[in-house]
There are 2 protein chains.
Amino acid sequence: MDTAPSERVLSIQSHVVYGYVGGKAAVFPLQCLGYDVDVVNTVHFSNHAGYGRSGGTKASAAELNAVFESMEFNELLAPTRLLTGYIPGAEGLSAVAGLARKLKKEKPELIYLLDPVMGDAGRLYVAADVIPIYREMLPLATIIAPNWFEVETLTQVKLADLPSLRKALSILHDTYHVPNVVITSIPLTPWLRGALPASIQPPSDEEHLLCLASSRVSSDASPQVHAQCVPLIPGYFSGVGDLFSALLLAHFRPSHPSTSTPAADIAAASLPSPITPPPTSESSAPPPVSQTQSQTPVARAAAHALATTHHILSLTHAHAVTLPAEQRVPTDDEADAKEPLRKTRRMRGRELRLVQGQAAIRGEGVLVRDMRGWEEFWSEL
Amino acid sequence: MDTAPSERVLSIQSHVVYGYVGGKAAVFPLQCLGYDVDVVNTVHFSNHAGYGRSGGTKASAAELNAVFESMEFNELLAPTRLLTGYIPGAEGLSAVAGLARKLKKEKPELIYLLDPVMGDAGRLYVAADVIPIYREMLPLATIIAPNWFEVETLTQVKLADLPSLRKALSILHDTYHVPNVVITSIPLTPWLRGALPASIQPPSDEEHLLCLASSRVSSDASPQVHAQCVPLIPGYFSGVGDLFSALLLAHFRPSHPSTSTPAADIAAASLPSPITPPPTSESSAPPPVSQTQSQTPVARAAAHALATTHHILSLTHAHAVTLPAEQRVPTDDEADAKEPLRKTRRMRGRELRLVQGQAAIRGEGVLVRDMRGWEEFWSEL
């Protein structure tokens, strides 16, 4: 039966009726991995913005606060973990910041994954006045999961070489006191590829992205940096970051002994069953011997999240190529502008195959590769 | 991989942040059973009304229509199934009725499960002006799943004996042209118990409820009635009807050969894997021989839905009894009025254990009992 105390995630992000971004990309995976999820919707839209047109409403700060206040009155503000994602305006974000501050004060051990969803690839898709609010929120976070552009936006450091990357990470760890930073989907520019140690170099000539996890374990030592290259899957998919953040939070176990599983482990073997949630289902067997004794909890969680996300993207890509021709047209801004449904149809065919991939989300058949320690990362400092 | 064409449910009902009613009780089970679900929220509340206080907002008809219109513009109104539940006011319900009419006109084979959520146990909890709108919507439905009180409300027949039950069913089938009616949670009053054939009598002296499935297979013959008694689980649980309706829709397979599985079948064996959704995963093996050749598709679906719902309720009850004393206090209106949190805490301990029961939702370890034909039901007509 199910008498184990369960963990509860409060998820605050967008809702779309059709498709999988925001809460629609995050909640189902968290549930599959055994978490009860309290779901606050910051918007209620027909579909994600990439379709070009969407209908619906944004929740005002007053509406969000009314929900939070009733939950507090009813003693329902009792998450063990908090996940925040897309929140479209400064007022709404301030309401969420107030809640996060309150929850963290009442329960300092709350695990808070803050995904500072602001933009991508040089383009901001929230109002600029959310940026300072996100900076104020950073010290509340246990983990942040910005993309490359969001790191630049938060730290005001242009990431152009290894020293600037070091500087940005130092700002996040030291100025903003974030213990764990996971930077996703980093383009492997020549300088970055040149800086990578051999153990982290991509295994083939295919195009790859880098994921980097940096963890401030003690204030005396430099943060521990782990990284992994993942093959790029061609095409534009929405909701990937939201899925990754949810999986990162789900697999994060701070109490886990600081040892790693073998590199070619099958996730299923170490995953919790849905009935006994992650934090209570630890095996009492001794951990397997491993070469990389320095795995941090966040690097371990990122390895699981990367493997599952890659599996779902592969499923989605494999599905997309089976669709009728009109749903497989390549990105072409000029053609899209002439015929709006051209883009719409392409988007529809690239919605994440989460439901079809649920066994993989539970860990079945997913090969998890450890992230590798980047021991020399800080060595020139 | 997942190249099978998948089914898609458009679900339109309430959303609560905390707990499991409306969409929160329906969407996850549908996803676990392999359906992509488009999720329209008619309200966005902190928690269900049973807590006594809840904060949040209702979507206006204009907001709902804006969502539907953008979906139509983007060619995203393409469900194979429609599920509607709690819609709080006449304007919003009219918007949903308009959408249902349009979808059904464009795609007559759309499977529409209409749950006319209006009240329970003699008490209406929606505005009375929704009643005539629900009556107008009935001819659009493939299946309706009213409770006892909602049957009385829709048909204006007081269910006091077998002839009045026959009359109400005839009105639903003949006046409103509903092919499949599933009435849930019928109290086993003495007259009803007296009318039941031996094969449907409850197997023990425990308190039971009756579930009745009536199917108009051809216009020449009387509807086929099947029924089953299920043991009553003590205590008040919210969202049970929403869960049952979602499971009923998920397990409904109109193209299924009209034969039954053995009475002591394990659901897992006949359930779709999440990767190959229900309608496409039919085994090509010959159906097993059975004594009740007359199982209708809706009776078969109801048997699965009853078994799973009972399993989830059992899990929920088993969990509730392990909680601290303050969360296990019995219903007592006087004591609740003095101390509002008394009721709140009781409600919290009785939220459905859907996440913990997800393996059962997928069919693992759930024993499905066939519903039995009630051959004599119409015999005195």
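For chain A, the name recorded in an unreviewed UniProt entry is pyridoxal kinase, with Asterophora parasitica as its organism. UniProt, in the comment section headed Sequence similarities (unreviewed entry), describes chain A in these words: "Belongs to the pyridoxine kinase family."

A. Highlighting the environment of A337 of chain B. Checked against the element boundaries, A337 of chain B lands in helix α11 (residues 333-338). With 92 residues separating them along the chain, A337 of chain B and S245 of chain B place their C-alpha atoms 32 Å apart.

B. Structural detail: the pattern of salt bridges. The tally for this structure, following the rule as stated, stands at 22 salt bridges over all chains. When the shortest N-O distance is used, the salt bridge between D336 of chain A and R346 of chain A registers 2.7 Å. Of this pair, D336 of chain A sits in helix α11 (residues 333-338) while R346 of chain A sits in helix α12 (residues 340-348), placing them 10 residues apart in sequence. In terms of burial, D336 of chain A and R346 of chain A fall into one category: buried. Between E152 of chain B and K158 of chain B there is a salt bridge, with the nearest N and O atoms lying 3.8 Å from each other. Of the residues examined, E152 of chain B reaches a relative accessible area of 17% and is grouped as buried. Here the salt bridges do not stand alone but share partners, grouping E72, K102 and E106 of chain A into one network.

C. Looking closely at the relation of the copies chain A and chain B. For the pair chain A and chain B, the relating rotation is 180°, the translation along its axis is 0.0 Å, and the fit reaches an RMSD of 0.0 Å. The operation mapping one copy onto its partner corresponds to a two-fold rotation axis. Across chain A, the rotation axis passes nearest the C-alpha of F28 of chain A, at a separation of 3.5 Å.

D. Local environment of the UniProt feature "domain: Pyridoxamine kinase/Phosphomethylpyrimidine kinase" (unreviewed entry) in chain A. The UniProt entry lists residues 96-185 of chain A under the feature "domain: Pyridoxamine kinase/Phosphomethylpyrimidine kinase" (unreviewed entry), expressed in the numbering used here. In the segment residues 96-185 of chain A, helix accounts for 46% and strand for 18%; the C-alpha atoms at its two ends are 26 Å apart.

E. Structural context of helix α4 (residues 130-137) of chain B. Residue and element names in this part refer to chain B. Taking burial as the measure, the eight residues of α4 include six buried ones, the bulk of the element. Burial in α4 covers these residues: V130, I131, I133, Y134, R135 and M137. Elements in contact with the buried residues of α4: α3 (90-106), β5 (111-114), β7 (123-124) and α5 (148-155).

F. Highlighting the sheet that holds strand β1 (residues 8-16) of chain A. Residue and element names in this part refer to chain A. Pairing in this open sheet of 10 strands is mixed, and the strands run β3-β2-β1-β4-β5-β8-β9-β10-β11-β14 from one edge to the other. Looking along the sheet, the strands with just one partner apiece sit at the ends: β3 (56-58) and β14 (372-373). Pairing of strand β11 (residues 224-231) with β14 involves two bridges; the strand directions are antiparallel. The partner of H226 across the bridge, within β14, is G373.

G. Region of interest: the environment of V27 of chain A. Residues and elements named next belong to chain A. Residue placement: V27 occurs in helix α1 (residues 23-32). With a relative accessible area of 10%, V27 lands in the buried category. The spacing of V27 and D220 is 193 residues in sequence and 37 Å in space, taken between C-alpha atoms. Contact partners of V27, with chain neighbours within four places excluded, come to S11, V37 and V39.

H. Broad picture of the packing of helix α3 (residues 90-106) of chain A against helix α4 (residues 130-137) of chain A. All names here are of chain A. Where α3 meets α4, the axes come as close as 10 Å, and the angle between the chain directions of the two elements is 5°. In this view, α3 runs roughly parallel relative to α4, as classed from their interaxial angle. Residues A90, L93, S94, V96, A97 and R101 of α3 form the contact with α4, whose own contacting residues are V130, I133, Y134, E136 and M137. Residue composition of the contact of α3 with α4, grouped by class: eight nonpolar, one polar and two charged.

I. Representation of the packing of aromatic side chains within the structure. Residue and element names in this part refer to chain A. All told, the structure shown has seven aromatic pairs over all chains when counted by the stated rule. Each ring, one from W374 and one from F377, has its centre 5.0 Å from the other, and the planes form 80°; the classification is edge-to-face. Summarising the burial analysis for this pair, W374 and F377 share the class buried. Every member of this aromatic cluster is reached through a ring pair, and the members are W374, F377 and W378. A cation over an aromatic ring shows up here: K24 above the ring of Y20, its NZ or CZ 5.2 Å from the ring centre.

J. Main features of the interface of chain A and chain B. At the interface, 59 residues of chain A touch 59 residues of chain B. Overall, the association of chain A and chain B removes approximately 5,400 Å² of surface from exposure, summing both partners, and the carbon and sulfur fraction of that is 55%. We note a salt bridge from R348 of chain A to E75 of chain B, for which the minimum N-O separation is 3.5 Å. Here chain A is connected to chain B by 24 residue pairs in polar contact (both at pLDDT 80 or more). Every element with two or more residues in the side of chain A that touches chain B is listed here: β1, α1, β2 (36-45), β3, α2 (61-73), α10 (297-320) and α12 of chain A.

K. Seen up close, the confidence of the model for chain A. All names here are of chain A. Across chain A, pLDDT averages 88, with 88% of residues at or above 70. Across residues 257-292, confidence stays below pLDDT 50; counting only partners more than four residues off in sequence or on other chains, it has 73 contacts. Under the prediction, the complex receives an ipTM of 0.89, its pTM being 0.90.

Reading the values: the criteria
- Residues numbered from 1 in each chain as written.
- Chains lettered and ligands numbered in written order.
- Predicted model: local features only at pLDDT ≥ 70, side-chain atom pairs only at ≥ 80, totals over all residues.
- Heavy atoms only, no water.
- UniProt positions renumbered as here; feature names shortened; annotations may be inferred.
- Helix = DSSP H or I, 4+ residues; strand = E, 2+ residues; numbered from the N terminus.
- Salt bridge = Lys/Arg side-chain N within 4 Å of Asp/Glu carboxyl O.
- Buried < 20%, exposed > 50% of the residue type's maximum accessible area, 1.4 Å probe, protein only.
- Least-squares fit on C-alpha atoms with pLDDT ≥ 70 in both.
- Contact = heavy atoms within 4.5 Å.
- Pairing = 2+ DSSP bridges.
- Axes fitted to C-alpha atoms, helices over the stretch in contact; angles between N-to-C directions.
- Parallel < 35°, antiparallel > 145°, perpendicular 65-115°, else oblique.
- Nonpolar A, V, L, I, M, F, W, Y, C, P; charged D, E, K, R; others polar.
- Phe/Tyr/Trp six-rings, centres within 6.5 Å; stacked < 30°, edge-to-face > 60°.
- Lys NZ or Arg CZ within 6 Å of the ring centre and 35° of its normal.
- Buried area = accessible area lost by both parts, 1.4 Å probe.
- Polar contact = N/O pair within 3.5 Å; in protein donor to acceptor, adjacent residues only side chain to side chain.
- pLDDT = per-residue confidence, 0-100.

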